[in-house]
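# Summary of structural features
Each chain, letter by letter, is given below.
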Amino acid sequence: MSNIKKIAVLTSGGDAPGMNSAVRAVVFSAFQFGIEVVGVFRGYEGLIDWEVKNLDLEDVRNINNRGGTFLYTSRSERFLQPEYRKQAADNLRKNGVDALVAIGGDGTLRGAIAFQSEGINTILIPGTIDRDVSCTEYTLGFDTAANTAMEAIDRIRDSSVSHGRCSVVEVMGRKRGYIALWAGMATSADAIVLPEKWDGNFDSITDAIKRRHADGRNSYLVVVAEGVTDAPELAELIRKKTGIESRVSVLGYIQRGGQPTAKDRMYGSLMGAFAVELLQMGKQNRIVAIKNDILIDYDLEEALDIQNNMLDSFQYELSLRLSE
Ligand code: F6P
């Protein structure tokens, strides 16, 4: 058991639906253990500038259904520098904070690891629509984002079929293609272009479209993860090589917003409560993770070692088979 009296909680990096549920569960669980909670605004930036508010149950009672993060967020350049990390740690110590719960993705994990040398115990909750934290099978926000993308693509497809066009839809995921993979499979895309698998060869896409065209098909759907290639260029190439009219839709930030799905609210609640339990057990510098649908935890450094750019190979192979 620990003798933690006060903790801080922040959200960092891209906002993700479900972050609010995690903060809510952190506050509720902490109160049940008699621990005070300080909410830090704008992620690591707010830690440096000590932009905070003491959170009580009333502050978080009605946030479960809200998209975004009510604590706001940032991608802090300053936190990359040791002098600002020291300032952040001094702020925590001066204000009697014993530990930090940080909710975010890959960048937040790297920030938390760098923060260890300042002697601040940090528990990380994986929250990012990209699912780019490899030690866990789930990161908060992915389900909402994938569903939002799927619904938008369904609508785009209706129009594409009506006009007999090819639609190239760009979804989020600069380094990781899970949103593209899931939204693409769920909408029966003809091709799904993923950063992890991209070999720079457009011919496989245009050849497949030509083949299907010859078989009598009249509309096509290509889902591409941002960062792989320029979607308008890809659409132009498809038009040139196949003669089929092609249109681009970039889904952008609509994928990050909106009310969290039940899964994101539930996993946010589970992960938030588990983070506080880890602190109560006296654990130091851990990341909350899901494995076989069970909550587990890893050391932060170990989580960084596990970071890779591998996709679930069965899901990927199946996406190829189902788009034949
Ligand atoms: O949060 C993840 C993510 O949405 C990525 O998919 C995307 O590449 C990036 O954030 C966009 O970040 P920003 O909000 O800084 O434009």
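Coordinates for the structure precede this section.
What you see is a predicted model; the values in this text were computed from it and never measured. Each chain carries its own residue numbering, running from 1 in the written order of its sequence. Local features in this predicted model are restricted to residues whose pLDDT is 70 or higher, and side-chain atom pairs enter the listing and the counts only when it is 80 or higher, whereas totals over whole chains, interfaces and linings include all residues. In computing side-chain properties, one takes all heavy atoms of the structure into account and sets aside hydrogens as well as water.

Here the focus is the overall build of the protein. The way it works is that DSSP assigns letters per residue, a run of H or I at least four long becomes a helix, a run of E at least two long becomes a strand, and they are numbered from the N terminus. Helix and strand counts for the protein stand at 12 helices and 11 strands. What the globule rule says is 2.2 Å times the number of residues to the power 0.38, and the radius of gyration is computed from C-alpha atoms. Against the 2.2 N^0.38 benchmark of 20 Å for 324 residues, the protein shows a C-alpha radius of gyration of 22 Å, consistent with a compact globule. Whether a residue is buried, partly exposed or exposed follows from its accessible area with a 1.4 Å probe, protein chains only, as a fraction of its type maximum: under 20%, in between, or over 50%, in that order. Across the 324 residues that make up the protein, the buried fraction comes to 54%. For the protein, restricting intrachain contacts to residue pairs at least 6 apart in sequence, the fraction spanning at least 24 positions comes to 75%. A total of about 14200 Å² of accessible surface is found on the protein, and carbon and sulfur atoms cover 48% of it. We score Asp and Glu as negative and Lys and Arg as positive, and we do not count His or the chain ends. Lysine's charge is taken at NZ, arginine's at CZ, aspartate's at CG and glutamate's at CD. Across the protein, the centroid of the 37 positively charged side chains sits 2 Å from that of the 44 negatively charged ones. Working rule for contacts: check all heavy atoms of both residues, and any pair within 4.5 Å makes them a contact. Areas reported as accessible are Shrake-Rupley estimates using a 1.4 Å probe. Residue values count occlusion only from the protein chains shown.

The subject of this paragraph is helix α5 (residues 106-115). Taking burial as the measure, the 10 residues of α5 include 7 buried ones, the bulk of the element. Among the residues making up α5, those that are buried are D106, T108, L109, G111, A112, I113 and F115. Looking at the packing, one finds that the buried side of α5 touches α2 (43-49), α4 (82-94), β4 (99-104), β5 (121-126) and α11 (300-306).

The subject of this paragraph is the layout of surface pockets. The space that makes up the largest pocket amounts to roughly 1000 Å³. Points on a 1 Å grid over protein atoms alone make up a cavity when a 1.4 Å probe fits among them but cannot get out, and a pocket when they form an open set with protein on both sides within 12 Å along at least five of seven lines; lining residues each have an atom within 4 Å of a point. Residue lining of the largest pocket: 40 residues in total, with R75, D106, G107, D132 and R174 positioned closest to the centre. Looking at which element gives the most residues to the lining of the largest pocket, the answer is α5, with 6 residues. The classification used treats Ala, Val, Leu, Ile, Met, Phe, Trp, Tyr, Cys and Pro as nonpolar, Asp, Glu, Lys and Arg as charged, and all other residues, Gly among them, as polar. When the residues that make up the lining of the largest pocket are grouped by side-chain class, the tally is 9 nonpolar, 17 polar and 14 charged. Grid points are joined across faces, edges and corners, and a volume is the space filled by probe spheres set on the points. A volume near 410 Å³ is recorded for the second largest pocket. Residue lining of the second largest pocket: 19 residues in total, with A191, I192, S204, I205 and L320 positioned closest to the centre. If you list the elements that add at least two residues to the lining of the second largest pocket, you get β7 (191-193), α8 (203-214) and α12 (313-321). Among the elements that make up the lining of the second largest pocket, the one with the highest residue count is α8 (5 residues).

Contact pair α8 / helix α9 (residues 231-242): the axes reach a minimum separation of 10 Å and the direction vectors enclose 50°. Taken as axis vectors, α8 and α9 run oblique relative to one another. The interaxial crossing formed by α8 with α9 has right-handed handedness. Residue-level contacts link D203, I205, T206, I209 and K210 of α8 to L237, I238, K241 and T242 of α9. Grouping the constituent residues of the contact of α8 with α9 by class yields 4 nonpolar, 2 polar and 3 charged. Only the contacting stretch of a helix is used when fitting its axis, a line to C-alpha atoms as for every element, and angles between N-to-C directions run 0 to 180 degrees. Here roughly perpendicular refers to angles of 65 to 115 degrees, roughly parallel to angles under 35, roughly antiparallel to angles over 145, and oblique to all remaining angles. Left-handed describes a crossing whose near helix is turned anticlockwise from the far helix by less than a right angle; the clockwise case is right-handed.

Stacked, edge-to-face and tilted are the three classes for Phe, Tyr and Trp ring pairs, Trp counted by its six-membered ring, which pair at centre distances within 6.5 Å; planes under 30 degrees apart are stacked, over 60 edge-to-face, the rest tilted. Tallied over the entire structure, the rule returns 8 aromatic pairs. Aromatic pair Y138 and Y267: ring centres 5.2 Å apart, planes at 55°, arrangement tilted. Here the residue Y138 occupies a position in the loop between β5 and α6 (142-163), and Y267 occupies one in helix α10 (residues 262-280), the gap between them amounting to 129 residues. One exposure class covers both Y138 and Y267, and it is buried.

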